[in-house]
Amino acid sequence: MALKPTIYKFKIALADLNHDHFANFNLTLAQHPSETMERMAVRLLAFCLHAHDDQEQLMAFTKGLSAIDEPDIWLKGLDDQLHCWIDVGEPAFDRIKKACRLSKRTLIYSFNSKCDVWWKQSLPQFESLSAEVRRFYWTEIQTLSATIARTSEWTITLSGQSIYVASNDEQLEINWQILQ
């Protein structure tokens, strides 16, 4: 018998000061049985970082780990054209090469403790692609993931390369860095 995903619900008040974008979201995330809380937290943060690009509110979480031909998040237009492909983790070069052909914009968000090693090994290949590569700091993502409950209410403020997450119990700062 296959394991079923665990469902998490997030109520988010987003203030993106970088783009003067303010929105409220009620998001439902399905955590794949093999997905860590840290990975799920990064998917949520990546969604918030690109909400300003989605005026029609068409950006969506995909089947993720359950569908190898789909990104973790995508933004498709009403004409079914793929505008944005967002992957989380350390994807293979061939996967991102394909994503760059299929999508107008391709982004990678790395977050693991092994990110530096992956990036050092992948940089020569990725330099030839138009993909944007960003990384979160592992210890900050671990701290954030420890605060996630099955139902969470967060206020997220984006300013510069910092994400401020406030809940009833915690206030955290998550930083990200542009690698490419």
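Residues numbered from 1 in each chain as written. Predicted model: local features only at pLDDT ≥ 70, side-chain atom pairs only at ≥ 80, totals over all residues. Heavy atoms only, no water.

As for the packing of helix H1 (residues 37–49) against helix H4 (residues 138–145)
Packed helices, taken two at a time, are described by the angle between their axes plus the distance between the axes. The interhelical angle for the contact between H1 and H4, taken along N-to-C directions, is 95 degrees, at an axis separation of 9 Å. The angle between the axes of H1 and H4 places the two elements in the roughly perpendicular class. Judged by residue contacts, Met-37, Glu-38, Ala-41, Val-42 and Leu-45 of H1 engage Trp-138, Ile-141, Gln-142, Leu-144 and Ser-145 from H4. Residue composition of the contact of H1 with H4, grouped by class: seven nonpolar, two polar and one charged. (Axes fitted to C-alpha atoms, helices over the stretch in contact; angles between N-to-C directions. Helix = DSSP H or I, 4+ residues; strand = E, 2+ residues; numbered from the N terminus. Parallel < 35°, antiparallel > 145°, perpendicular 65-115°, else oblique. Contact = heavy atoms within 4.5 Å. Nonpolar A, V, L, I, M, F, W, Y, C, P; charged D, E, K, R; others polar.)

Observations regarding the side chain of Arg-134
Locating Arg-134 in the fold gives a position in strand S7 (residues 132–136). Other than its neighbours up to four places away in sequence, Arg-134 contacts His-50, Arg-105, Leu-107, Ile-108, Tyr-109, Ser-110, Trp-176, Gln-177, Ile-178 and Leu-179.

A word on the confidence of the model for the protein chain
On average, the protein chain scores 90 in pLDDT, and the residues at 70 or more come to 97%. Across the protein chain, the element-wise mean pLDDT spans from 88 in strand S3 (residues 59–61) up to 96 in strand S9 (residues 162–166). (pLDDT = per-residue confidence, 0-100.)

Topic: the sheet that holds strand S2 (residues 21–31)
If you walk across this open sheet you meet the ten strands as S2-S1-S8-S9-S10-S7-S6-S5-S4-S3, and the pairing is mixed. Both edges of this open sheet fall to S2 and S3, since each of them pairs with a single strand only. Along the sheet, successive strands turn relative to each other by an average axial angle of 25 degrees, direction set aside. Here three bridges tie S3 to strand S4 (residues 73–76), and the two strands are oriented antiparallel to one another. Across the sheet, residue Met-59 finds its bridge partner in S4, namely Leu-75. Sheet strands in contact with helix H3 (residues 115–126) are strand S6 (105–110) and S7, and its direction is about 175 degrees off that of S7. In the packing of H4 onto the sheet, the strands contacted are S7, strand S8 (151–159), S9 and strand S10 (171–178), and the crossing angle to S10 comes to about 145 degrees. (Pairing = 2+ DSSP bridges.)

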